[in-house]
Amino acid sequence: MKDQNPANTVRSPYLVAWHVWSALFMREFVSRMTTDRFAPVWLFLQPILHIVILVAVRDFIGRGRLIPGAEFIPWLVIGITTYIMFRTLWIQGMNAIQSNKALFAYRQVHPADTVLVRCAMEAKLQAFVLMIMVFMFTGLGHEMIPDAPLEAVEVLLAMTLLGLGMGLMTSVMVTFFPESAKIVNLISLPLYFLSGVILPIQFMPHGIQEFLLYNPLLHAVELIRAEFFSTYHPVRGVSLWYVYQWAICTILFGLALHVKFKIRMVAR
Amino acid sequence: MDKQQEPAMIEAKDVWKRYHGPFGGGWVLKGVDFKIPRGVSVGLVGKNGAGKSTLLRLIGGMDSPDKGEIIERCRVSWPIGLGGGFQGSMTGRQNVKFVARIHGGNADIDRIIDEVQEFAEIGPAFDQPIRTYSSGMRSRLAFGLSLAFNFDIYLSDEATAVGDVTFKQKAKKAFKQRVGQSSLIMVSHSTKILEDLCQSGIWLHEGKAIWFDDLKDAIDAYYDSVGHKPKKKKAKQTK
């Protein structure tokens, strides 16, 4: 009887981490899906409504509808979905510590675990949303099937890792300065425009383009479009390696912050 | 004497701890030293703010000392208390499942749930969110949950304070059954429950820990320091 008890066997550190991750994953999934009765619907409705409204606005303004080498609506949809994927990962990862605070009473649960698990779960959900979008707009008669699906996955992975890195970094920041969450939300709006999600950067002067290319999101958004539509010409100078460099740096820096401030975050 | 021969279960070596609040913060623990031998249950006494909960959190691994170290040679539970450990938005069942999973109990999750449910006796509230619980219900669940795992030392931070009579009886019985296998480090302001469950005592006074082999001496020293005579007992005796 005693030997059946799980606390009696000594587990390896990797197994402990795995147990924590699987437990957190289920917990996160349940709470994400049951926060309110609308939650599972909202997950899909939010990006769709977002796109519908933007398409309507662009239709209403009625200019700049010509994107060289791609159909306008699929061009917009894939850009927005990719950007929302990044943003959701970032914001959800940022808030992970706050919403799992009570669980740090158990010494095997580390703050970094909650961010990692939440981003992994969110990436899965967002991949699902993306697939639904692709099928939905294909069904509506748009050219939405990616021409280079594996390369597209590569870009999406870079975007996911970047979201995770930003989540790891800002999660430490908001734990010590809760006010900074407001600033992060404030920044995400101009980022949206600067990443070429709705405004084609190709039409901007070269001097400005050069400056905007410091933003890794622009690279990712342009690249995913190029992988989806083989005839599309992305902004000159975009590179996937640049996005990965950003992702690796933010993840390493975020993890370093988590190692440094772990005890202080738990003790709060 | 032979207890002293074998290495102590928990050893605190010159532990210092302070908190940096917005208004500054002094040292809570100033060089705490003690050894807890195997199989001895300890009551922690001291006035409010003496650092009892801090010490418990340090032993439970939720915080680390600024100076010194705490050596643990056994399995120590998380601090069972009123506050932490439960996610308010999740139901009792979901919380129990989570804790079972992080302790690697995926295989016998049903047994753990049954055990907790049986101990806590909170009925249908087990499937309600924790935030709807009264403090008594919370501590019933917390105690039941920790007892479902075999730890060598259980840490209790006033977990029994809000319980009713039947719960206190039950908790007492559960620990009496485990005498010899596991012991308890307990913070409580109720001397009665301390005397029932613990043998030795640590009195936290002005940032130092003073070890007493007999809990009664610790309580007496504590009462002496605050100039308080245990009135209740005398009143009872005169009746």
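Values in this document were obtained by computation on a predicted structure and should not be read as measured data.

Quick question: what am I supposed to make of helix α3 (residues 92–102) of chain B here?
Of all eleven residues in α3 of chain B, ten are buried, a share of seventy percent or more. Residues of α3 of chain B that are buried: G92, Q94, N95, V96, K97, F98, V99, A100, R101 and I102 of chain B. If you follow the buried residues of α3 of chain B, they end up packed against α1 (13–34) of chain A together with α4 (109–120) and α5 (135–147) of chain B. Residue G104 of chain B follows α3 of chain B closely and has a positive phi angle near 75°.

Just checking my understanding: could you explain the interface of chain A and chain B for this structure?
Often, the extent of an interface is quoted as the loss of accessible area on bringing the components together. Facing 26 residues of chain A, the contacting portion of chain B comprises 26 residues. Only α1 and α9 (240–267) of chain A provide two or more residues apiece to the side of chain A that touches chain B. At eight residues, α1 of chain A tops the list of elements feeding residues into the side of chain A that touches chain B. For the side of chain A that touches chain B, a count of residues per class yields 15 nonpolar, seven polar and four charged.

Mind showing me how you'd approach the sheet that holds strand β5 (residues 76–81) of chain B here?
Residue and element names in this part refer to chain B. With respect to topology, six strands assemble into an open sheet ordered β5-β6-β7-β3-β8-β9, the strand pairing being mixed. Two strands lie at the open edges of the sheet, namely β5 and β9 (208–212), each paired on one side alone. Put simply, the sheet's adjacent strands are angled 20° from each other on average, direction ignored. Relative to strand β7 (residues 183–187), strand β3 (residues 42–45) runs parallel, the two being bridged by three bridges. Its bridge partner lying in β7, G43 is registered against M186.

What should I look at first to understand helix α3 (residues 72–99) of chain A in this one?
One turn of the α-helix equals 3.6 residues, which is why residues spaced by three or four share an orientation. Over its 28 residues, α3 of chain A extends 39 Å from the first C-alpha to the last, a length consistent with the 40 Å expected when each residue adds 1.5 Å. Within α3 of chain A, 22 of the 28 residues are buried, which leaves it mostly tucked inside the rest of the structure.

What's the story with the nonpolar core in this structure? I'm lost.
Generally speaking, soluble globular proteins have nonpolar side chains that are buried together. Membership of the largest hydrophobic core comes to 128 residues, with the highest contact counts inside it found for L162, A220 and I224 of chain A together with L44 and I185 of chain B. If you tally residues by element for this core, the top one is α3 of chain A, at 15 residues. Once residues within four sequence positions are removed from consideration, L162 of chain A is found in contact with F86, P216, V243, W246, A247 and T250 of chain A.

Would you take a moment to explain the sheet that holds strand β1 (residues 10–18) of chain B for this structure?
The strands making up a sheet associate through backbone hydrogen bonding, with each pair oriented either parallel or antiparallel. All names here are of chain B. Strand order in the open sheet formed by three strands is β2-β1-β4, with antiparallel pairing between adjacent strands. The outermost strands of the open sheet, each flanked by one partner alone, are β2 (27–36) and β4 (67–72). Across this sheet, the average inter-strand angle for adjacent strands is 15°, counted without regard to direction.

Definitions and limits used
Residues numbered from 1 in each chain as written. Chains lettered and ligands numbered in written order. Predicted model: local features only at pLDDT ≥ 70, side-chain atom pairs only at ≥ 80, totals over all residues. Buried ≥ 20, exposed ≤ 12 C-beta atoms within 10 Å, placed from the backbone. Helix = DSSP H or I, 4+ residues; strand = E, 2+ residues; numbered from the N terminus. Contact = placed C-beta atoms within 7 Å. Nonpolar A, V, L, I, M, F, W, Y, C, P; charged D, E, K, R; others polar. Pairing = 2+ DSSP bridges. Axes fitted to C-alpha atoms, helices over the stretch in contact; angles between N-to-C directions. Expected span 1.5 Å × (residues − 1). Core = buried A, V, L, I, M, F, W, Y, C linked by C-beta atoms within 7 Å.

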